[in-house]
Amino acid sequence: MPTLTDKTAVITGASRGIGKSIALHFAENGADIAIIYSSNENSANEVKTEAEKYGIKAKTYKCNVADFAEVKTVCDGIIQDFGKIDILVNNAGIIRDTLLLRMSEEDFDEVIDVNLKGAFNFIKQLSRPLMKSSCGRIINISSVSGLMGNPGQANYSAAKAGMLGMTKTIARELAGKKVTCNAIAPGFIETDMTASLPQAAKDFADRSIPLKRMGTPDEVANLAVFLASDMAAYITGEIIRIDGGLSM
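Because the structure is a prediction, the values reported are computed rather than measured. (Residues numbered from 1 in each chain as written. Predicted model: local features only at pLDDT ≥ 70, side-chain atom pairs only at ≥ 80, totals over all residues. Heavy atoms only, no water.)

## Structural notes on helix α3 (residues 68–82)
Three or four residues apart is the spacing at which side chains of an α-helix point the same way, because the helix has 3.6 residues per turn.
Okay, so step 1: Compared with the 21 Å implied by 1.5 Å per residue over 15 residues, the 21 Å span of α3 between its first and last C-alpha is a close match.
Okay, so step 2: Structurally, α3 contributes buried residues whose contacts are with β1 (8–11), β2 (32–37), β3 (58–62) and α4 (105–132).
Okay, so step 3: The distance from a side-chain oxygen at the start of α3 to the backbone nitrogen of A69 is 3.1 Å, and the residue carrying that oxygen is D67.
Okay, so step 4: In the stretch just after α3, G83 is the one whose phi turns positive, near 90°. (Helix = DSSP H or I, 4+ residues; strand = E, 2+ residues; numbered from the N terminus. Expected span 1.5 Å × (residues − 1). Contact = heavy atoms within 4.5 Å. Polar contact = N/O pair within 3.5 Å; in protein donor to acceptor, adjacent residues only side chain to side chain.)

Pasting the structure below:
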(Lines give C-alpha, C1' and ligand atoms only; values in the text may rest on other atoms or scores of the structure.)
Protein backbone atom coordinates (compact mmCIF):
# COMPACT_ATOMS: atom_id res chain seq x y z
CA MET A 1 0.00 0.00 0.00
CA PRO A 2 1.23 3.53 -0.73
CA THR A 3 2.27 5.66 2.21
CA LEU A 4 2.99 9.37 2.52
CA THR A 5 4.34 9.31 6.07
CA ASP A 6 6.76 12.16 6.89
CA LYS A 7 5.92 13.97 3.64
CA THR A 8 4.53 17.49 3.32
CA ALA A 9 1.99 18.28 0.61
CA VAL A 10 0.61 21.54 -0.75
CA ILE A 11 -2.85 21.24 -2.32
CA THR A 12 -4.49 24.17 -4.08
CA GLY A 13 -8.27 24.40 -4.28
CA ALA A 14 -8.39 22.10 -1.26
CA SER A 15 -11.51 23.39 0.49
CA ARG A 16 -14.00 21.37 -1.57
CA GLY A 17 -14.52 18.78 -4.28
CA ILE A 18 -11.54 16.90 -5.68
CA GLY A 19 -9.03 19.05 -3.79
CA LYS A 20 -10.71 18.35 -0.44
CA SER A 21 -10.75 14.63 -1.12
CA ILE A 22 -7.07 14.65 -2.09
CA ALA A 23 -6.17 16.57 1.06
CA LEU A 24 -8.01 14.10 3.30
CA HIS A 25 -6.63 11.03 1.53
CA PHE A 26 -3.11 12.44 1.82
CA ALA A 27 -3.68 13.05 5.55
CA GLU A 28 -5.06 9.54 5.99
CA ASN A 29 -1.87 8.20 4.41
CA GLY A 30 0.35 10.19 6.76
CA ALA A 31 1.18 13.45 4.95
CA ASP A 32 1.20 16.86 6.57
CA ILE A 33 -0.88 19.19 4.42
CA ALA A 34 -1.03 22.86 3.48
CA ILE A 35 -4.62 23.61 2.45
CA ILE A 36 -4.83 26.41 -0.12
CA TYR A 37 -8.23 28.06 -0.58
CA SER A 38 -9.51 31.16 -2.35
CA SER A 39 -12.46 32.43 -0.32
CA ASN A 40 -14.34 29.83 1.75
CA GLU A 41 -12.50 29.94 5.06
CA ASN A 42 -15.11 27.87 6.89
CA SER A 43 -14.82 25.00 4.41
CA ALA A 44 -11.02 25.14 4.54
CA ASN A 45 -11.09 24.99 8.34
CA GLU A 46 -13.46 22.01 8.19
CA VAL A 47 -10.96 20.18 5.97
CA LYS A 48 -8.18 21.08 8.40
CA THR A 49 -10.14 19.77 11.40
CA GLU A 50 -11.04 16.54 9.62
CA ALA A 51 -7.45 16.01 8.42
CA GLU A 52 -6.00 16.51 11.88
CA LYS A 53 -7.98 13.49 13.11
CA TYR A 54 -5.34 11.40 11.35
CA GLY A 55 -2.63 12.81 13.63
CA ILE A 56 -0.91 14.94 11.01
CA LYS A 57 -0.13 18.65 10.85
CA ALA A 58 -2.46 20.78 8.74
CA LYS A 59 -2.68 24.52 8.10
CA THR A 60 -4.88 26.68 5.88
CA TYR A 61 -3.70 29.49 3.61
CA LYS A 62 -5.93 31.92 1.75
CA CYS A 63 -4.47 32.69 -1.68
CA ASN A 64 -5.41 34.02 -5.08
CA VAL A 65 -3.45 31.47 -7.10
CA ALA A 66 -3.45 33.78 -10.14
CA ASP A 67 -1.48 36.47 -8.25
CA PHE A 68 2.24 35.75 -8.63
CA ALA A 69 3.35 37.93 -5.71
CA GLU A 70 0.66 36.56 -3.39
CA VAL A 71 1.63 32.98 -4.24
CA LYS A 72 5.25 33.75 -3.39
CA THR A 73 4.26 35.17 -0.01
CA VAL A 74 2.08 32.16 0.77
CA CYS A 75 4.74 29.67 -0.34
CA ASP A 76 7.36 31.39 1.80
CA GLY A 77 4.98 31.05 4.75
CA ILE A 78 4.38 27.35 4.06
CA ILE A 79 8.10 26.61 3.96
CA GLN A 80 8.58 28.52 7.21
CA ASP A 81 5.70 26.63 8.85
CA PHE A 82 6.52 23.12 7.62
CA GLY A 83 10.25 23.28 6.91
CA LYS A 84 10.04 21.35 3.64
CA ILE A 85 7.81 20.53 0.68
CA ASP A 86 7.63 17.09 -0.92
CA ILE A 87 4.39 17.17 -2.93
CA LEU A 88 2.53 19.86 -4.87
CA VAL A 89 -0.98 19.28 -6.19
CA ASN A 90 -2.27 21.98 -8.55
CA ASN A 91 -6.02 21.52 -8.33
CA ALA A 92 -7.43 25.07 -8.10
CA GLY A 93 -9.78 25.82 -10.96
CA ILE A 94 -12.86 27.74 -12.02
CA ILE A 95 -15.29 27.58 -14.93
CA ARG A 96 -16.92 30.39 -16.89
CA ASP A 97 -18.75 28.26 -19.44
CA THR A 98 -20.42 29.75 -22.48
CA LEU A 99 -20.18 29.38 -26.22
CA LEU A 100 -17.29 31.19 -27.88
CA LEU A 101 -19.59 33.72 -29.59
CA ARG A 102 -20.85 34.80 -26.16
CA MET A 103 -17.59 34.47 -24.23
CA SER A 104 -16.15 37.74 -22.98
CA GLU A 105 -12.47 38.55 -22.78
CA GLU A 106 -12.85 38.56 -19.00
CA ASP A 107 -14.37 35.06 -19.07
CA PHE A 108 -11.40 33.80 -21.05
CA ASP A 109 -8.66 35.59 -19.12
CA GLU A 110 -9.97 34.70 -15.67
CA VAL A 111 -10.11 30.97 -16.40
CA ILE A 112 -6.63 30.97 -17.94
CA ASP A 113 -5.23 32.97 -15.02
CA VAL A 114 -6.61 30.69 -12.31
CA ASN A 115 -6.43 27.28 -13.98
CA LEU A 116 -3.16 27.58 -15.90
CA LYS A 117 -1.17 30.52 -14.58
CA GLY A 118 -2.08 29.48 -11.03
CA ALA A 119 -0.37 26.13 -11.58
CA PHE A 120 2.67 27.88 -13.06
CA ASN A 121 2.86 30.24 -10.08
CA PHE A 122 3.01 27.42 -7.54
CA ILE A 123 5.44 25.31 -9.58
CA LYS A 124 7.67 28.35 -10.00
CA GLN A 125 7.74 29.11 -6.27
CA LEU A 126 8.06 25.53 -5.02
CA SER A 127 10.41 23.96 -7.56
CA ARG A 128 13.53 24.59 -5.50
CA PRO A 129 12.06 23.19 -2.26
CA LEU A 130 10.80 20.17 -4.23
CA MET A 131 14.29 19.62 -5.65
CA LYS A 132 15.62 19.46 -2.08
CA SER A 133 13.20 16.63 -1.30
CA SER A 134 14.24 13.04 -1.80
CA CYS A 135 10.83 12.33 -3.32
CA GLY A 136 9.59 15.50 -5.06
CA ARG A 137 6.20 15.15 -6.73
CA ILE A 138 4.11 17.55 -8.81
CA ILE A 139 0.58 16.47 -9.70
CA ASN A 140 -1.47 18.70 -11.99
CA ILE A 141 -5.23 18.19 -12.05
CA SER A 142 -6.18 18.74 -15.68
CA SER A 143 -9.33 17.47 -17.45
CA VAL A 144 -10.42 15.36 -20.38
CA SER A 145 -11.71 18.68 -21.74
CA GLY A 146 -8.05 19.48 -22.37
CA LEU A 147 -7.73 16.31 -24.42
CA MET A 148 -11.06 16.30 -26.28
CA GLY A 149 -12.36 19.86 -26.19
CA ASN A 150 -15.90 20.57 -25.03
CA PRO A 151 -18.54 22.95 -26.44
CA GLY A 152 -18.91 25.99 -24.22
CA GLN A 153 -15.46 25.55 -22.68
CA ALA A 154 -12.98 27.19 -25.05
CA ASN A 155 -11.37 28.90 -22.05
CA TYR A 156 -11.39 25.87 -19.73
CA SER A 157 -10.25 23.43 -22.43
CA ALA A 158 -7.43 25.77 -23.44
CA ALA A 159 -6.26 26.10 -19.82
CA LYS A 160 -6.38 22.36 -19.19
CA ALA A 161 -4.64 21.56 -22.49
CA GLY A 162 -1.96 24.09 -21.59
CA MET A 163 -1.50 22.33 -18.26
CA LEU A 164 -0.78 19.07 -20.11
CA GLY A 165 1.98 20.66 -22.17
CA MET A 166 3.42 22.30 -19.07
CA THR A 167 3.35 18.96 -17.25
CA LYS A 168 5.51 17.30 -19.89
CA THR A 169 7.94 20.21 -20.00
CA ILE A 170 8.32 20.41 -16.22
CA ALA A 171 8.78 16.62 -16.11
CA ARG A 172 11.73 16.93 -18.49
CA GLU A 173 13.22 19.96 -16.74
CA LEU A 174 13.09 18.53 -13.21
CA ALA A 175 13.76 14.84 -13.87
CA GLY A 176 17.48 15.34 -13.26
CA LYS A 177 16.62 16.51 -9.74
CA LYS A 178 14.47 13.42 -9.07
CA VAL A 179 11.22 15.43 -9.17
CA THR A 180 8.37 13.80 -11.08
CA CYS A 181 5.54 15.73 -12.71
CA ASN A 182 2.34 14.05 -13.86
CA ALA A 183 -1.18 15.09 -14.76
CA ILE A 184 -4.53 13.58 -13.86
CA ALA A 185 -7.31 14.19 -16.39
CA PRO A 186 -10.70 13.58 -14.76
CA GLY A 187 -13.89 13.30 -16.75
CA PHE A 188 -17.31 13.87 -15.16
CA ILE A 189 -16.79 13.74 -11.39
CA GLU A 190 -19.52 14.19 -8.77
CA THR A 191 -18.65 17.64 -7.39
CA ASP A 192 -20.38 20.98 -6.80
CA MET A 193 -19.28 21.92 -10.29
CA THR A 194 -21.06 19.03 -12.01
CA ALA A 195 -24.04 19.23 -9.62
CA SER A 196 -24.93 22.58 -11.19
CA LEU A 197 -25.16 21.09 -14.69
CA PRO A 198 -28.62 20.94 -16.29
CA GLN A 199 -30.25 17.52 -16.04
CA ALA A 200 -30.01 17.12 -19.83
CA ALA A 201 -26.24 17.50 -19.59
CA LYS A 202 -26.07 14.92 -16.80
CA ASP A 203 -28.17 12.50 -18.83
CA PHE A 204 -25.89 13.02 -21.84
CA ALA A 205 -22.85 12.35 -19.66
CA ASP A 206 -24.34 9.10 -18.35
CA ARG A 207 -25.09 7.95 -21.89
CA SER A 208 -21.63 8.89 -23.17
CA ILE A 209 -19.57 7.31 -20.39
CA PRO A 210 -18.93 3.60 -21.08
CA LEU A 211 -19.06 2.81 -17.35
CA LYS A 212 -22.46 4.58 -17.21
CA ARG A 213 -21.78 6.76 -14.19
CA MET A 214 -19.83 9.76 -13.01
CA GLY A 215 -16.68 9.25 -11.01
CA THR A 216 -16.20 10.29 -7.40
CA PRO A 217 -13.65 12.64 -5.84
CA ASP A 218 -12.36 9.72 -3.78
CA GLU A 219 -11.49 7.80 -6.95
CA VAL A 220 -9.43 10.75 -8.20
CA ALA A 221 -7.81 11.12 -4.78
CA ASN A 222 -6.76 7.46 -4.73
CA LEU A 223 -4.89 8.02 -7.99
CA ALA A 224 -3.26 11.15 -6.57
CA VAL A 225 -2.08 9.21 -3.51
CA PHE A 226 -0.45 6.63 -5.77
CA LEU A 227 1.32 9.27 -7.88
CA ALA A 228 2.53 11.04 -4.74
CA SER A 229 3.91 7.85 -3.21
CA ASP A 230 7.19 6.02 -3.69
CA MET A 231 5.28 3.43 -5.74
CA ALA A 232 5.19 5.95 -8.62
CA ALA A 233 8.85 6.98 -8.43
CA TYR A 234 9.53 5.90 -12.04
CA ILE A 235 6.47 7.59 -13.57
CA THR A 236 6.84 11.11 -14.94
CA GLY A 237 5.43 13.19 -17.78
CA GLU A 238 2.27 11.06 -17.88
CA ILE A 239 -1.34 12.13 -18.43
CA ILE A 240 -3.61 9.66 -16.69
CA ARG A 241 -7.28 9.81 -17.60
CA ILE A 242 -9.87 8.91 -14.98
CA ASP A 243 -13.12 9.25 -16.89
CA GLY A 244 -14.90 5.91 -17.05
CA GLY A 245 -13.75 5.47 -20.64
CA LEU A 246 -15.27 8.73 -21.91
CA SER A 247 -12.23 9.86 -23.91
CA MET A 248 -10.85 6.52 -25.10
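## Concerning the sheet that holds β2
Okay, so step 1: If you trace the 7 strands from one edge of the open sheet to the other, you get β3-β2-β1-β4-β5-β6-β7, paired in parallel fashion. Because the sheet does not close on itself, it has two edges, and the strands there are β3 and β7 (239–242). Within the sheet, the average angular offset between the axes of one strand and its neighbour, ignoring direction, is 15°.
Okay, so step 2: Of the strands in this sheet, β1, β2 and β3 are in contact with α3, which crosses β3 at around 165°. (Pairing = 2+ DSSP bridges. Axes fitted to C-alpha atoms, helices over the stretch in contact; angles between N-to-C directions.)

## A closer look at the pattern of salt bridges
Okay, so step 1: One pass over the full model with this rule turns up 7 salt bridges.
Okay, so step 2: A salt bridge links K7 to D230; the nearest nitrogen and oxygen atoms lie 3.0 Å apart. Of the two residues, K7 is situated in the segment before β1 and D230 in the loop between α9 (217–228) and β7; the sequence distance between them amounts to 223 residues.
Okay, so step 3: On the basis of relative accessible area, D230 is assigned to the exposed category, the value being 52%.
Okay, so step 4: Two residues, E110 and R96, come together in a salt bridge whose shortest N-O distance is 3.2 Å. One end of the pair, E110, is in helix α4; the other, R96, is in the loop between β4 (87–90) and α4, with 14 residues separating them in the sequence. (Salt bridge = Lys/Arg side-chain N within 4 Å of Asp/Glu carboxyl O. Buried < 20%, exposed > 50% of the residue type's maximum accessible area, 1.4 Å probe, protein only.)

## As for the packing of α4 against helix α6 (residues 154–174)
Okay, so step 1: Following both chains from N to C, one finds α4 and α6 inclined at 15°, their axes separated by 8 Å at the closest point. Between α4 and α6, the angle falls in the class roughly parallel. The two elements α4 and α6 cross, and the hand of that crossing is right-handed. Of the residues in α6, those touching α4 at D107, F108, V111, I112, N115, L116, A119, F120, I123, S127 and M131 are A154, N155, Y156, A158, A159, K160, G162, M163, M166, I170 and L174.
Okay, so step 2: Looking at the contact of α4 with α6, its residues break down into 16 nonpolar, 4 polar and 2 charged. (Parallel < 35°, antiparallel > 145°, perpendicular 65-115°, else oblique. Left-handed = near helix turned anticlockwise from the far one by under 90°. Nonpolar A, V, L, I, M, F, W, Y, C, P; charged D, E, K, R; others polar.)

## What about the nonpolar core?
Okay, so step 1: Within the largest apolar cluster, 34 residues are counted, with the highest numbers of intra-cluster contacts made by V10, I36, I78, L88, F122, L126 and I138.
Okay, so step 2: Where this core is concerned, the elements lending two or more residues are β2, α3, α4 and α6.
Okay, so step 3: The element contributing the most residues to this core is α4, with 8 residues.
Okay, so step 4: Ignoring any residue separated from it by four or fewer positions in sequence, one finds I36 in contact with V10, I11, T12, G13, A14, S15, Y61, C63, V65, V74, I78 and F122. (Core = buried A, V, L, I, M, F, W, Y, C linked by side-chain atoms within 4.5 Å.)

## Description of the pairing of strand β5 (residues 137–141)
Okay, so step 1: Buried residues dominate β5, accounting for 5 of its 5 residues.
Okay, so step 2: Side chains R137, I139 and I141 of β5 all project onto a buried face; the interleaved residues I138 and N140 project onto the opposite face, where all are buried too.
Okay, so step 3: Here β4 pairs with β5 via 4 bridges, running parallel. Looking at β5, one finds that N90 is bridged to N140.

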